[in-house]
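Coordinate analysis (summary)
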2 protein chains.
Amino acid sequence: MLPVVVVHGGAGHVPKERSEKATMGVSSAARSGYLVLQGGGSSMDAVVAAVSQLENNPLFNAGCGSVLNVKGEVEMDALVMDGKTLCSGAVSAVRNIANPVELARMVMDKTSHACLTAEGASMFARSMGVPEVPHESLVTEYSRMRWRKNLEPGADPVACQMGKMGTVGAVAVDVEGNVACATSTGGMMNKMEGRVGDTPCIGSGGYADNHSGAVSTTGHGETIMKVTLARLILFYMEQGHSVEAASDMGLAYMKSRVDGLGGVVTVDPQGNWAARFSSLQMAWAAAQKDMLHYGLYVGEHWSQNIQEPHSPHHADI
Amino acid sequence: MLPVVVVHGGAGHVPKERSEKATMGVSSAARSGYLVLQGGGSSMDAVVAAVSQLENNPLFNAGCGSVLNVKGEVEMDALVMDGKTLCSGAVSAVRNIANPVELARMVMDKTSHACLTAEGASMFARSMGVPEVPHESLVTEYSRMRWRKNLEPGADPVACQMGKMGTVGAVAVDVEGNVACATSTGGMMNKMEGRVGDTPCIGSGGYADNHSGAVSTTGHGETIMKVTLARLILFYMEQGHSVEAASDMGLAYMKSRVDGLGGVVTVDPQGNWAARFSSLQMAWAAAQKDMLHYGLYVGEHWSQNIQEPHSPHHADI
C-alpha cells in the first residue's frame, strides 16, 4: 500500500474549458510526488514537490495564478506539517515569491517558529536566498479579469470564488509510514489586504500525525476555520472511522453546522486514501502501486498505469 | 451557575516580586468581565473587557508590556471566537495599537474575514478609527531589559520565556448560555520579525462552541500548535469528560507527546469551569455567583465575595 500521494487542485466549480487541464495538472503533480517517494524521498519531500508544481501551474489558485486581493495584488498563504514530529511551517500574506510552500518548509526546518507573516516572511526568504520574483510573474490574465469583475457594483466575490478553483494541496505516506501534508493558496478573490485564511492555520488548512493520518483542505477558508476541518477529520479517524468515512463526516458536519462547502484529500499511515468533496467539483489525483487515479466530478474515478500518458476524458478535448 | 468568566495571565514562572500584582491583575480583569455579564452583556463582551484590561496592565505580555521581537519591537497577536456562530476574528503581527483583542473583534464583526495580518491589520484599524499609539507606549523597562539579556551570546529566549508570564486570555458563559473566548499576546521574547504563534490560530490559541464549551490557552506557542490544544480539550469534552478532566488530559497529552508545558482556562455551557496548568505557575481568576476565585501556584485556590477588596496572600506583600 505504501508509498502513496494524493493531490487536490481546489474545491469549487471548474469551467468546462479548464476541466481537462485541471485533471492533467493534478495528475502530473501526483506523478511528481510519487517519483519522489519511489526514489526514497520522505512524505514531506513528496507533498512539497507536488504542491510546488501546482504553484507553478498558472491554472491553479496558488503561486503563479493566485487570485488578487482588493488592490489587485497577490498575497499568498502556505502550510506544511510533518506527522512524525508534529512540526509545522507556514507563511501568510507573503508576496513576490514563486513557491510559498517551499518557504513554509524552510520556516519549519530553519527557524524555531511555525509561522512567519507578511514582510517578516519576505525578510526570511531573502535571508535564505529565495529569489524575489516580479509581482507580474504571479498574475495571470484570468486572475486580473476576475478581479476587475469583482470590483463592479453588486459583485459577490465569495459566490464567485466557489465558481473558481480554490487552494491546492497534497498528503502523502512514505515507505517508512510517515505522513505529511502541504497546502498553498492565493486566498479569496478581492480579499482585504492582509487577509489570512484557513490555509496557514494548523488544524484548518491541514494537519498531519503519524498516529492517525494527514489531511489537506480546500473551500471557503473562513468556514473551514469555524470547524478546524483537518483536525476534525483526524479526530474521527482516531475514533476508528475510515479515511473515506471520516472525510465525509467532516464535510457533512461543515455543511450542516455552518453551511460550508469544501473538499479534502486524506491518508492514513497504512496507505488508505480518500479524495472527497461537497462542492460541485474538485480536481484530484492519487498515485499508489504504480497506478494513477484521478477525477473531477462527484463519483468520477479514472485509473491508469502511472507510466501511461494522461488519457483525456472530459468533453472539452 | 451562570454567568461565569475565567481569566488567565499566562503560564510560566511568575517572579516572586510580581506574584501579588499578577493575582490582583487577573482578579480585577475577572471582576470587569463579571460586571459586563451581570449587566446583561454577552460572553463576547465579557471576554473582550477582561482581556483589554490585561492588555492595558504593563505586568502582562499583551498590549502594553508585550515582549519584544529580535529587533526590539512590539508585534502582537489576538483572537476572539463566538461559540454561538463559530465566527472568529484575529489579528497577527499587528503594531502600534493598544488593544489587539478589540481589533480582533472588529475583524469578526465588521469584515467577511477571520484574520488580518501586519500592515493589512493596521490599515483596517485606521479605517475603523482605532487610534495609533506610539511604539514606546507599549514597551516597558522590564521588556527592554529581557530583550537585551536575550541578545547576549548563549542566551536561550525559549527557556527564558518559560521564566516569564505568557499570553493572557479569558473564557465566559453569559446568562443565555453562549460561550466565548479571547486570547492576546506579545508572543515569544526575541522572536523573528513576523513570527505568528498559536494565539491567533483558531483551535490552538482558543476555541469556542456552544455545543461543548470554550478554551483559552497559554504556553509555548509552537508546541501548543502541534496539538491544537484548545480544540483537543473540547474534543475530550464532546466525549463526555468534565472541564477539569478534559483540560488536564489536553495538557498531559501535550506534555507526553511533544514535551510542552502550558495552561488553559475552560468553561462548558452549563457554567462549569477550570483553570489548569502544567507550568510552574499561572495567574488565574474566576467570577461566578458573586464569588471571586483565584490562584497562582499548583493547587492554590482562594475565594472571596466579589465585592470585597482583593486580599493579599503571597509573600511579597
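Residues numbered from 1 in each chain as written. Chains lettered and ligands numbered in written order. Predicted model: local features only at pLDDT ≥ 70, side-chain atom pairs only at ≥ 80, totals over all residues. Heavy atoms only, no water.

Concerning the overall build of chain A
Heads up, the condition is: Only DSSP runs of H or I reaching four residues or more are called helices, and only runs of E reaching two or more are called strands; each is numbered from the N terminus. We compute the radius of gyration over the C-alpha atoms and compare it with the globule rule, which gives 2.2 Å times the number of residues raised to the power 0.38. Throughout, a residue-residue contact means that at least one pair of heavy atoms, one from each residue, lies within 4.5 Å. What sets the accessible areas is the Shrake-Rupley method with a 1.4 Å probe; for residues, cover comes only from the shown protein chains.
Looking only at helices and strands, chain A has nine helices and 13 strands in total. The C-alpha atoms of chain A give 17 Å as radius of gyration, which agrees with the globular expectation for 317 residues (20 Å, within 12%). Along the first, second and third principal axes, the C-alpha atoms of chain A reach 50 × 45 × 40 Å. Of the contacts made within chain A by residues no fewer than 6 positions apart, 66% connect residues no fewer than 24 positions apart. About 10,400 Å² of surface is accessible on chain A, with carbon and sulfur atoms providing 54% of the total.

Here's the deal with the interface of chain A and chain B
As a reminder of what qualifies: In short, buried area is how much 1.4 Å probe accessible area vanishes from two parts on joining, totalled over both. The salt bridge criterion pairs a side-chain nitrogen of Lys or Arg with a carboxyl oxygen of Asp or Glu, the two atoms within 4 Å.
Counting residues at the interface gives 43 residues for chain A, matched by 43 residues for chain B. Surface buried jointly by chain A and chain B totals about 3,500 Å² across both partners, of which 65% is contributed by carbon and sulfur atoms. Area buried by chain A at its contact with chain B is led by His-113, Lys-226 and Arg-257 of chain A, which between them contribute 17% of it. Taken together, the links from chain A to chain B amount to two salt bridges.

Some details on unusual backbone geometry
Rules: Think of it in three bands: residues with accessible area under 20% of the maximum for their type are buried, residues over 50% are exposed, and the middle band is partly exposed, with areas taken using a 1.4 Å probe on protein chains only.
A cis geometry characterises the amide bond from Leu-2 of chain A onward to Pro-3 of chain A, with omega recorded as 0 degrees. Here Pro-3 of chain A is to be found in the segment before β1 (4-12). One non-glycine residue, Asp-290 of chain B, lies in the positive phi region at around 60 degrees. You can see Asp-290 of chain B is positioned in the loop between β11 (281-288) and β12 (291-297). Note on Asp-290 of chain B: relative accessible area 33%, which makes it partly exposed.

Observations regarding the sheet that holds strand β10 (residues 273-277) of chain B
Residue and element names in this part refer to chain B. The line we're drawing: Paired strands are those between which DSSP finds at least two bridges. In this analysis, axes come from line fits to C-alpha atoms, helices being fitted only over the stretch in contact, and the angle between any two N-to-C directions falls in the range 0 to 180 degrees.
What the four strands build is an open sheet, ordered β7-β8-β9-β10; its pairing is antiparallel. The sheet is open, and its two borders are formed by β7 (206-209) and β10, each paired with just one other strand. When strand polarity is set aside, the average angle formed by the axes of neighbouring strands in this sheet is 10 degrees. Taken together, the six bridges between strand β8 (residues 213-219) and strand β9 (residues 262-267) define a ladder with antiparallel strand orientation. Pairing of Val-215 across the sheet is with Thr-266, part of β9.

Points about the UniProt feature "binding site: substrate" (unreviewed entry) in chain A
All names here are of chain A. Rules: UniProt positions are given in the numbering used here, feature names are shortened, and annotations may be inferred rather than shown by experiment. Only protein atoms enter the calculation, which uses a 1 Å grid: trapped sets of points that fit a 1.4 Å probe without letting it out are cavities, open sets showing protein on both sides within 12 Å along at least five of seven lines are pockets, and any residue with an atom within 4 Å of a point is a lining residue.
Mapped onto this numbering, the UniProt entry gives "binding site: substrate" (unreviewed entry) at Arg-195, Val-196, Gly-197, Asp-198, Thr-218, Gly-219, His-220 and Gly-221. Looking only at the residues we just named, the largest cavity is lined by Val-196 and Gly-197. Among the secondary structure elements, His-220 is positioned in the loop between β8 (213-219) and α7 (221-227).

Considering the environment of Glu-136 of chain B
For Glu-136 of chain B, the position within the fold is in the loop between α4 (118-127) and α5 (141-151). Taking C-alpha positions, Glu-136 of chain B is 25 Å from Ala-155 of chain B, a pair spaced 19 residues apart along the chain.

With respect to empty space enclosed by the protein
To keep things clear, this is the line we draw: Grid points are joined across faces, edges and corners, and a volume is the space filled by probe spheres set on the points. Just so you know the grouping, Ala, Val, Leu, Ile, Met, Phe, Trp, Tyr, Cys and Pro go in nonpolar, Asp, Glu, Lys and Arg go in charged, and all remaining residues, Gly too, go in polar.
Counted by the stated rule, this structure contains five cavities of 30 Å³ or more. Put simply, the largest cavity is a space of about 150 Å³. Lining the largest cavity are 14 residues; nearest its centre among them are Val-196 and Cys-201 of chain A together with Val-196, Pro-200 and Cys-201 of chain B. Tallied by class, residues from the lining of the largest cavity come to 10 nonpolar, four polar and no charged.

Things to note about the packing of helix α1 (residues 16-38) of chain B against helix α2 (residues 43-56) of chain B
All names here are of chain B. Stated formally: Working definition: roughly parallel below 35 degrees, roughly antiparallel above 145 degrees, roughly perpendicular at 65 to 115 degrees, and oblique for all remaining angles. The handedness criterion is simple: a crossing whose near helix is rotated anticlockwise from the far helix by less than a right angle is left-handed, and one whose near helix is rotated clockwise is right-handed.
Relative to each other, α1 and α2 sit at 155 degrees, their axes nearing to 8 Å. Comparing the axis directions of α1 and α2 gives the class roughly antiparallel. At the point where α1 passes α2, the crossing takes the right-handed sense. On the side of α1, the interface is formed by Gly-25, Val-26, Ser-28, Ala-29, Ser-32, Gly-33, Val-36 and Leu-37, while α2 contributes Ser-43, Asp-45, Ala-46, Ala-49, Ala-50, Gln-53 and Leu-54. Counted by class, the contact of α1 with α2 contains eight nonpolar, six polar and one charged residues.

Some points on the sheet that holds strand β3 (residues 88-94) of chain B
Residue and element names in this part refer to chain B. Spatial ordering of the open sheet is given by β4-β3-β2-β6-β5-β1-β11-β12-β13, a layout of nine strands whose pairing is mixed. The open sheet is flanked by β4 (115-117) and β13 (302-305), the only strands paired with a single partner. Strand-to-strand twist in this sheet, taken as the mean axis angle between neighbours without regard to direction, amounts to 10 degrees. Two elements, β3 and β4, share three bridges in a ladder whose sense is parallel. Note on β4: the bridge partner recorded for Val-91 is Leu-116. Along the sheet face, α2 touches β1 (4-12), β2 (76-82), β5 (168-173) and β6 (179-185) and points at about 160 degrees away from the line of β5. Running over the sheet, α4 touches β3 and β4 and is turned about 110 degrees from β4.

A look at the pattern of salt bridges
For the coordinates displayed, the defined rule picks out 28 salt bridges over all chains. Between Glu-244 of chain B and Arg-276 of chain B there is a salt bridge, and its shortest N-O distance comes to 4.0 Å. A residue pair is termed long-range when its members are at least 10 positions apart, and Glu-244 of chain B in helix α9 (residues 243-258) and Arg-276 of chain B in strand β10 qualify at 32 residues. Residue Glu-244 of chain B is classed as partly exposed on the basis of its relative accessible area of 41%. On the basis of relative accessible area, Arg-276 of chain B is assigned to the partly exposed category, the value being 27%. Across the pair Asp-259 of chain B and Lys-255 of chain B runs a salt bridge whose closest N-O atoms are separated by 3.5 Å. Several salt bridges share partner residues, and in doing so they unite Lys-71, Glu-73, Glu-75, Arg-95 and Glu-193 of chain A into one network.

Observations concerning the UniProt feature "active site" (unreviewed entry) in chain A
All names here are of chain A. The sites that UniProt annotates as "active site" (unreviewed entry) are Thr-167. Mapping Thr-167 onto the fold places it in the loop between α6 (157-161) and β5 (168-173). Apart from the residues lying within four places of it in its own chain, the contact partners of Thr-167 are His-8, Gly-9, Gly-10, Asn-61, Thr-183, Ser-184, Thr-185, Thr-199, Thr-217 and Thr-218.

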